[in-house]
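Understanding the architecture of this molecule
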Amino acid sequence: METDVLGERRCRPVNITVRLPMRTSHRKAEKLEEAIDRQSKVAEYAAEKIRSLPKTTWGGRNTTLNHILRNHFPDNNGLHYTHFLYKVGYHVSDIYNNWMEDGFPGKAPDFSYIDYISLCNCGSAELKFEENNGEWGVEIPLLKDQENDWFKLRTGEYQEELLSKHEIKDNTKIVKKNGRFELHQPVEIPEKDLDYSPDVKIGVDFNFDRLAVTATVKDGELLDTEFYDEGDRLRHYRDKMREKRSSLQDTGKGKLIEELLDKEDRFIRHILHNISRDIVDQAEQYDKPVIVIEDTDIQEMRSQVNDFNKNQFKTSINRWPVARLKNFIKYKAEKQGIRVEEANPEYTSQKCYKCGKKGKRPYRGNQQRFYCQSCDRNIDADLNAARNIASIN
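Each helix and strand in the protein was counted, giving 9 helices and 18 strands. Taken over 393 residues, the protein has a buried fraction of 45%. Sequence-distant contacts in the protein: of pairs separated by 6 or more residues, those separated by 24 or more amount to 64%. Only carbon and sulfur atoms are counted for the fraction: they give 43% of the accessible area of the protein, which is about 21100 Å².

So this is what it looks like as structure tokens:
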């Protein structure tokens, strides 16, 4: 076990996604566009077929979906890497699975436009990172029956150290962003060797009226903030569903009650998935981000409301989905190679983010403010807490 100011954590490998801007000529950019277009066609076909297949046949190398793709694209659609079809099928099934768990919100996922290529970093398709005359580059086997392409990469000392000293993992992607291309390369680092000094911290404060408030901070400067005012909506929906279930308790309609519980759960998951996805998307905008969340449990949150309205919140607190939201954030961040730390939330709601002195939390209408008498600062109370969480070293 290693201990730091954020508490104890186990020593285990950590996957970090290294983002590397690529230098492309007009010819190479056209080849990348062609590869993206071919992947998009495979994904569209997979999405068309997946709707008529049982969920158990979606994922895996030897499942029905993968066999259908291999039969329809016998030459891997002109793409070189070995497990390309499997990767596209897995990607499509993963997105459809999330859409189902969210409760089928809106239209079905659309794969008519894809802005990245999945690469297989193994076997004959292994990527080769090399340093040449002080510049880093990568050799990529992009299309069948064509020579491998060499792409120069824009790197700094941090990226070069990660590529040269640590294990290169699979699931490499080339992503098109704002008309340019980036190589997203996962590397595995033993946590004991990880010297990760984030340039941006995103502090997340959990609450009841607002499920979450974020503060994105760099060198003490607030870059961005988001308020997820879904608490009231979630509470009202749960109250409504509870009343419906209560009215059915003595009618013998147990199946209908179960359906209402499932419907409520899908509604909650939809909200939590959207919030967690948005928080991770915020972090992805930066090179070395860390998401800092409260290391809190339901007992601590219960104590926060006991003083002002114990009876009203007794049921709500016990059913509040903070733990699920935290897990969604961790899961989505890990998939993108973004680090998440849990910080002790003690005094984060009571002290001023600027001077560290304790302040007051008066209400103005239905909004709680934080007022610091020491530095005369007046700020939204939840934002003040999120900034304190983001400032933990």
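Let us keep going from here.
The subject of this paragraph is unusual backbone geometry. Notably, Y347 is not glycine yet its phi reads approximately 70 degrees, a positive angle. Within the secondary structure, Y347 sits in the loop between β15 (339-343) and β16 (363-364). Of the residues examined, Y347 reaches a relative accessible area of 41% and is grouped as partly exposed. Its identity is not glycine, yet D376 carries a phi of approximately 60 degrees, on the positive side. Relative to the helices and strands, D376 resides in the loop between β17 (367-372) and β18 (377-380).

In terms of residue burial, strand β14 (residues 289-294) counts as a mostly covered element, since 6 of its 6 residues are buried. Two elements, strand β11 (residues 200-206) and β14, share 5 bridges in a ladder whose sense is parallel. Paired with V200 across the two strands is P289, which belongs to β14. In terms of strand pairing, β14 meets β15 through 5 bridges, oriented parallel. Of the residues in β15, the one forming a bridge with V290 is R339.

Our next topic: the packing of aromatic side chains. Evaluated as defined, the whole model comprises 1 aromatic pair. A ring pair is formed by Y237 and F267, whose centres lie 3.9 Å apart and whose planes are at 25 degrees; its orientation type is stacked. Of the two residues, Y237 sits in helix α5 (residues 231-248) while F267 sits in helix α6 (residues 254-284), which places them 30 residues apart along the sequence. Each of the two residues, Y237 as well as F267, counts as buried. The lysine or arginine in question, K173, covers the ring of Y116, its NZ or CZ lying 4.5 Å from the ring centre.

A word on the environment of D149. Note on placement: D149 falls in strand β7 (residues 149-153). In this structure D149 comes out as buried when scored by relative accessible area, which is 5%. The spacing of D149 and E139 is 10 residues in sequence and 5.6 Å in space, taken between C-alpha atoms. Looking at D149, its side chain comes within polar contact range of the side chain of K31, at 2.7 Å.

Another aspect to go through is the sheet that holds strand β13 (residues 221-228). Spatially, the 5 strands line up as an open sheet ordered β13-β12-β11-β14-β15, and their pairing is mixed. Lying at the two open borders of the sheet, with one neighbouring strand each, are β13 and β15. Strand after strand, the sheet turns through a mean of 20 degrees between neighbouring axes, direction not considered. Relative to the sheet, helix α9 (residues 381-390) contacts β11, β12 (212-218), β13 and β14, its axis offset from that of β12 by approximately 50 degrees.

Following the criterion strictly, the structure yields 20 salt bridges and no others. Of the charged contacts, one joins R339 and E341 as a salt bridge, the two residues approaching to 2.8 Å between their closest N and O atoms. Considered together, R339 and E341 belong to a single accessibility category, that of buried residues. Overlapping salt bridges bring together R210, D229, D380 and D382 as one network.

The topology assignment puts E188 in strand β10 (residues 180-190). Distance from E188 to N15, taken between C-alpha atoms, is 4.6 Å for residues 173 residues apart in sequence.

Turning our attention to the nonpolar core. Core analysis: the biggest nonpolar cluster contains 30 residues, and V204, F206, A212, I275, I279, I291 and L325 have the highest contact counts within it. If you list the elements that add at least two residues to this core, you get β11, α5, α6, β14 and α8 (322-335). Looking at which element gives the most residues to this core, the answer is α6, with 10 residues. Apart from the residues within four sequence positions on either side, L325 is in contact with F206, L211, A212, L272, I275 and S276.

This next bit is on the side chain of K332. Along the polypeptide, K332 turns up in helix α8. Ignoring anything within four residues of it in the chain, the contact list for K332 reads H273, S276, R277 and V280.

Further remarks concern the pairing of strand β4 (residues 116-119). On any regular strand, side chains alternate: one points to one face of the sheet, the next to the other face. Burial of the side chains of β4 extends over both faces: Y116 and S118 are buried on one face and I117 and L119 on the other. Pairing between β4 and strand β9 (residues 172-177): 4 bridges, direction antiparallel. Each residue of the ladder has a partner; that of I117, found in β9, is I174.

With respect to the helices and strands, E346 occurs in the loop between β15 and β16. For E346, the side chain forms a polar contact with the side chain of Y347, separated by 3.5 Å.

Averaged over all residues, the pLDDT of the protein equals 76, while 77% of them reach at least 70. Within the model, the stretch residues 1-11 combines pLDDT values under 50 with 22 contacts to residues more than four positions away or in other chains. Contacts for the low-pLDDT stretch residues 298-318, under 50 throughout, to residues beyond four places or in other chains number 20 contacts.

Thresholds applied
- Residues numbered from 1 in each chain as written.
- Predicted model: local features only at pLDDT ≥ 70, side-chain atom pairs only at ≥ 80, totals over all residues.
- Heavy atoms only, no water.
- Helix = DSSP H or I, 4+ residues; strand = E, 2+ residues; numbered from the N terminus.
- Buried < 20%, exposed > 50% of the residue type's maximum accessible area, 1.4 Å probe, protein only.
- Contact = heavy atoms within 4.5 Å.
- Areas by Shrake-Rupley, 256 points an atom, 1.4 Å probe, with all protein chains shown as cover.
- Pairing = 2+ DSSP bridges.
- Phe/Tyr/Trp six-rings, centres within 6.5 Å; stacked < 30°, edge-to-face > 60°.
- Lys NZ or Arg CZ within 6 Å of the ring centre and 35° of its normal.
- Polar contact = N/O pair within 3.5 Å; in protein donor to acceptor, adjacent residues only side chain to side chain.
- Axes fitted to C-alpha atoms, helices over the stretch in contact; angles between N-to-C directions.
- Salt bridge = Lys/Arg side-chain N within 4 Å of Asp/Glu carboxyl O.
- Core = buried A, V, L, I, M, F, W, Y, C linked by side-chain atoms within 4.5 Å.
- pLDDT = per-residue confidence, 0-100.

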